[in-house]
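Each chain is listed here by its residues.
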Amino acid sequence: MADHELDSLEKRLDFIESLVFGNSEKDAFYPRCIDKLANIQEKIATATKNKKRISEIYRKSRDVHKFLDPAYTDEMTMSEEAKEEVILAEEEFLRNQAKNLETMEELKPTLDSEHLKATPKFTDKFEGLSQIQITQQDQTADLTEEARKMLTTYNNIITLVSRQFVQWDEMLTSMEAKKLQT
């Protein structure tokens, strides 16, 4: 069995374990679970022992699984020349990915540094600072809204005062004009 198949099986097993056991300790339930699974497997084997059609379905399901694998369909449908063309068409992308991988390898010591390994102990401080920042953002939004309202009020007052001065100027001008006429 290839490594990627083992990894795939491990991932599937981990997923199934998380569904079955949830957050509880799986080692406490494992022996009972394995016994039950073995019992179920034995019952299935007994029930299907002399059933040719069922064993044929099991065999065909393995074939279907194989046919659904994208690597198998690529292998069956693509000639060597077509595979080569696909690789050549993706050459630039592959080169970029190789550069990115090299960069990641170069930066790996930075990621493994003691500074980054120590970050979990600062989580509580970061959470506290985040809460403070959120509070300050809310306060800033409130102050901004209050300042906007004050500026609107100021502009309204200035507009009213300006209109009053214009009216007084018009009245004064008309009084001066009347006085000059008399």
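A quick note: this is a predicted structure, and the numbers were derived from the prediction, not measured.

Quick word on the overall build of the protein
If you tally the helices and strands in the protein, you get 8 helices and 0 strands. Sequence-ordered secondary structure for the protein, helices as α and strands as β, is α-α-α-α-α-α-α-α. Its C-alpha radius of gyration of 39 Å places the protein more than 25% over the 16 Å reference for a compact globule of 182 residues. Here the C-alpha coordinates of the protein stretch approximately 130 × 55 × 50 Å along the principal axes. Buried residues in the protein amount to 2% of all 182 residues.

A short note on the pattern of salt bridges
The final tally for this structure, using the stated rule, is 3 salt bridges. One salt bridge in this structure joins lysine 60 and glutamate 56, with 3.3 Å as the shortest N-O distance. Here glutamate 56 and lysine 60 lie together in helix H3 (residues 52-68), a separation of 4 residues that amounts to about one turn. Residue arginine 95 is joined to glutamate 91 by a salt bridge in which the shortest nitrogen-to-oxygen separation is 2.6 Å. You can see arginine 95 and its partner glutamate 91 sitting in helix H6 (residues 91-111), 4 residues apart, about one turn around the helix.

As for H6
An ideal rise of 1.5 Å per residue puts 30 Å on 21 residues; H6 measures up with 29 Å between its terminal C-alpha atoms. Along H6, the largest kink reaches about 30° and is centred on glutamate 105; proline proline 109 follows within four residues of it.

Considerations on a negative patch on the surface
A contiguous patch of negative charge on the surface is contributed by Asp3, Asp7, Glu10 and Asp14. Here aspartate 3 lies in helix H1 (residues 3-21). Accessibility expressed as a relative area gives 61% for aspartate 3, which makes it exposed.

Thoughts on the packing of aromatic side chains
Both the distance between ring centres and the angle between the ring planes are used here to describe each pair of aromatic rings. What the rule picks out here adds up to 1 aromatic pair. Arranged with centres 5.7 Å apart and planes meeting at 75°, the rings of phenylalanine 165 and tryptophan 168 form a pair that is edge-to-face. Note that phenylalanine 165 and tryptophan 168 are positioned in helix H8 (residues 123-181) at a spacing of 3 residues, about one turn of the helix. Its relative accessible area of 47% is what places tryptophan 168 among the partly exposed residues.

Let's talk about a nonpolar patch on the surface
Taken together, the side chains of Ile157, Val161, Phe165, Trp168, Met171 and Met175 define a hydrophobic patch exposed on the protein surface, amounting to about 630 Å² of accessible area. The residue methionine 175 is located in helix H8 in this model.

Some points on the environment of lysine 60
Accessibility expressed as a relative area gives 45% for lysine 60, which makes it partly exposed. For the pair lysine 60 and lysine 99, spaced 39 residues apart in sequence, the C-alpha separation works out to 44 Å.

Remarks on the confidence of the model for the protein
Low-pLDDT portions of the prediction should not be read for the details of their coordinates. For the protein, per-residue confidence averages 84 on the pLDDT scale, and 93% of positions sit at 70 or higher. Taking the mean pLDDT of every element in the protein, the minimum, 73, falls on helix H4 (residues 70-77) and the maximum, 93, on H8.

Rules and cut-offs
- Residues numbered from 1 in each chain as written.
- Predicted model: local features only at pLDDT ≥ 70, side-chain atom pairs only at ≥ 80, totals over all residues.
- Heavy atoms only, no water.
- Helix = DSSP H or I, 4+ residues; strand = E, 2+ residues; numbered from the N terminus.
- Rg over C-alpha atoms; globule rule 2.2 N^0.38 Å.
- Buried < 20%, exposed > 50% of the residue type's maximum accessible area, 1.4 Å probe, protein only.
- Salt bridge = Lys/Arg side-chain N within 4 Å of Asp/Glu carboxyl O.
- Expected span 1.5 Å × (residues − 1).
- Bend = angle between axes of the 7 residues up to and from the residue.
- Patch = residues over 30% accessible without salt bridge, like charges linked within 9 Å, V, L, I, M, F, W, Y side chains within 5 Å.
- Areas by Shrake-Rupley, 256 points an atom, 1.4 Å probe, with all protein chains shown as cover.
- Lys, Arg positive; Asp, Glu negative; His and termini not counted.
- Charge placed at Lys NZ, Arg CZ, Asp CG, Glu CD.
- Phe/Tyr/Trp six-rings, centres within 6.5 Å; stacked < 30°, edge-to-face > 60°.
- pLDDT = per-residue confidence, 0-100.

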